[in-house]
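Structure assessment
The primary structure of each chain is shown beneath.
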Amino acid sequence: MPNRFTFQSDDTVAAHLAGLLDSAMDAILSVDEQQHIVLYNRAAEKIFGWTAAEAMGQPLEILLPTRFRAGHAGFVRRFGQTGVTSRRMGDGTVILGQRKDGREFPMDASISHLDTPTGKLYTVILRDVTERVRSREELALFAAEASAVREQEKTRIARELHDELAQSLTALKMDTIWVREQLRSDPDGATAKLSQMLALLDASVAATRRIAADLRPLLLDDLGLAPAVEWLVQNFSQRTGVACQLDIDESLELDEPYATAVFRIVQESLANVGKHAQATQVRVRVAPEGREMVLVVEDDGVGFAADGPRKPNSLGLVGLRERAHLLQGRVEVRSVPGQGTRVEARIPVREAA
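Identification of the chain as PAS domain S-box protein from Ramlibacter pinisoli is taken from an unreviewed UniProt entry.

Quick look at the structure:
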């Protein structure tokens, strides 16, 4: 195996240092004043795809996208002259690297230099932060989508308040004025009008309860988790006509915030089935397994390509994952076109203090 370092001595210190560099989790490489690679550890091989034999002696620019090569060379020269750099590992500054196959990826980097008898030696420590950047991008996307959904929900509630409650109250006010004016001259008509007003009041009370239930599941507070989930399933079947089988222990109880999370995940999963699945049958299971609460919503609908692109500005399954993630849980989605969809959420549950 070729020696990936420029150490010529076989003494113990050099061998020990070589071992430390090769065991590092971050890529460590050094370049000379001409910016040719003179040190390249195992982590660098793994991150960039170039072996030590291929990288040693090559210009540093092979590790950078073409459009950044000239600018980076100037940055290194200025650093050698001034000793000042804005790049520190972990400071949030991300640069782009390029793998051997041409793929670009984000890196966290820090640089230092050392004067040696043969000239300056620049050492760079690099960390692949692809997952961190992807998580930030997904979180930003979710935040934007969640904000849009909140605005849509506010608009829906405002519309329902206006269309149902405000109009009902306006009609009741007009009817009340009519009854007041006609009570003596037309008592029979006033009595009939009062009957109509009572029916309108009943409808308004029902609308108020429905809007309130959408905002906060009162059943969850009054009766507990199992009856609330049973109500969800029954309501789903009545609205959609889709048969829904529920497997839940009627004595199941959870403290907050777990109870609300379980309720909302089941609610959102059933809503997704109603909107997209075209299913004829759905199975819902809510049960504890060890120290986890397991939720399964499975349908026999049209399914979808799980690895396909999501619709733009659609919260979809991202909302389920984020709700579970807030409680250190996880969501797994399995779906095949034409073969239905299975959503499984697992949430670790801790007892209340």
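What follows picks up the thread again.
**Quick look at the overall build of the chain**
Broken down by element type, the chain carries ten helices and ten strands. Considering only intrachain contacts with a sequence separation of at least 6, the fraction spanning at least 24 residues in the chain is 57%. Here the chain has roughly 21,100 Å² of accessible surface; of this, 54% comes from carbon and sulfur atoms.

**Notes on the environment of arginine 346**
Relative to the assigned elements, arginine 346 resides in strand E10 (residues 341-348). Note: C-alpha distance between arginine 346 and arginine 330 (16 residues apart in sequence) is 5.5 Å. Those residues within four positions of arginine 346 in sequence are excluded, and the remaining contacts are Glu289, Glu292, Met293, Val294, Gly329 and Arg330. Side-chain polar atoms of arginine 346 contact the side chain of glutamate 289, separated by 3.1 Å. Reaching out from arginine 346, the side chain makes a polar contact with the side chain of glutamate 344 at a distance of 2.8 Å.

**Some remarks on the sheet that holds E10**
Ordered by their spatial adjacency, five strands build an open sheet running E6-E7-E8-E10-E9, and the pairing between neighbours is mixed. Each edge of the open sheet carries a strand with a single partner, namely strand E6 (243-248) and strand E9 (330-335). Across the sheet, the axes of successive neighbouring strands diverge by a mean angle of 10 degrees, strand direction being ignored. Set on the sheet, helix H9 (residues 258-277) makes contact with E6, strand E7 (281-289), strand E8 (292-299) and E10; between it and E8 the angle comes to about 10 degrees.

**Remarks on the nonpolar core**
Leu225, Val266, Leu270, Val282, Val284 and Val286 are the most contacted members of the largest nonpolar core, which has 38 residues in total. By residue number, the principal contributor to this core is H9, which donates ten residues. Those residues in contact with valine 284 that sit more than four places away from it in its chain are Val233, Cys244, Gln245, Leu246, Asp247, Val266, Leu270, Val296 and Val297. In this structure, Ile37, Tyr40, Ala52 and Phe79 belong to the second largest nonpolar core, which totals 24 residues.

**A closer look at empty space enclosed by the protein**
Here the structure, examined in full by the defined rule, presents one cavity of 30 Å³ or more. Reported here for the largest cavity is a volume of approximately 120 Å³. Along its surface, the largest cavity is lined by 15 residues, and Leu60, His72, Ile95, Val124 and Leu126 are the ones closest to its centre. For the lining of the largest cavity, the elements supplying multiple residues, two or more each, are helix H4 (66-82), strand E4 (104-116) and strand E5 (119-128). Counting residues per element, the lining of the largest cavity draws most heavily on E4, at four residues.

**Describing the pattern of salt bridges**
Under the counting rule described, the total for this entry stands at 18 salt bridges. The salt bridge involving arginine 283 is made with glutamate 298; its shortest N-O contact spans 3.1 Å. Here arginine 283 is found in strand E7, whereas its partner glutamate 298 is found in strand E8, with 15 residues between them in sequence. A relative accessible area of 30% places arginine 283 in the partly exposed class. Three or more residues are tied together by salt bridges with common partners; here these are Asp247, Arg283, Arg285, Glu289, Glu292, Glu298, Arg330, Arg342, Glu344 and Arg346.

**Things to note about the environment of phenylalanine 236**
Considering the arrangement of structural elements, one finds phenylalanine 236 in helix H8 (residues 225-240). When the C-alpha atoms of phenylalanine 236 and glutamine 267 are compared, they prove to be 9.0 Å apart, with 31 residues separating the residues in sequence. With near-sequence residues (within four places) excluded, phenylalanine 236 lies in contact with Gly241, Val242, Cys244, Leu270, Val273, Gly274 and Val282.

**Observations concerning the pairing of E4**
One ladder, built from five bridges, connects strand E3 (residues 94-98) with E4; its direction is antiparallel. Bridge pairing in E4 links isoleucine 95 to methionine 107. Taking the residues between adjacent antiparallel strands as the criterion, E3 and E4 are bridged by five residues, where glycine 102 takes a positive phi near 95 degrees. Note that E4 and E5 share ten bridges and pair antiparallel. Looking across to E5, one finds that alanine 109 is bridged to leucine 126. Where E4 folds back onto E5 in an antiparallel hairpin, the turn is made up of two residues.

Reading the values: the criteria
Residues numbered from 1 in each chain as written. Predicted model: local features only at pLDDT ≥ 70, side-chain atom pairs only at ≥ 80, totals over all residues. Heavy atoms only, no water. Helix = DSSP H or I, 4+ residues; strand = E, 2+ residues; numbered from the N terminus. Contact = heavy atoms within 4.5 Å. Areas by Shrake-Rupley, 256 points an atom, 1.4 Å probe, with all protein chains shown as cover. Polar contact = N/O pair within 3.5 Å; in protein donor to acceptor, adjacent residues only side chain to side chain. Pairing = 2+ DSSP bridges. Axes fitted to C-alpha atoms, helices over the stretch in contact; angles between N-to-C directions. Core = buried A, V, L, I, M, F, W, Y, C linked by side-chain atoms within 4.5 Å. Buried < 20%, exposed > 50% of the residue type's maximum accessible area, 1.4 Å probe, protein only. 1 Å grid on protein atoms, 1.4 Å probe; cavity = no way out; pocket = protein on both sides within 12 Å on 5 of 7 lines; lining within 4 Å. Points joined across faces, edges and corners; volume = space filled by probe spheres on them. Salt bridge = Lys/Arg side-chain N within 4 Å of Asp/Glu carboxyl O.

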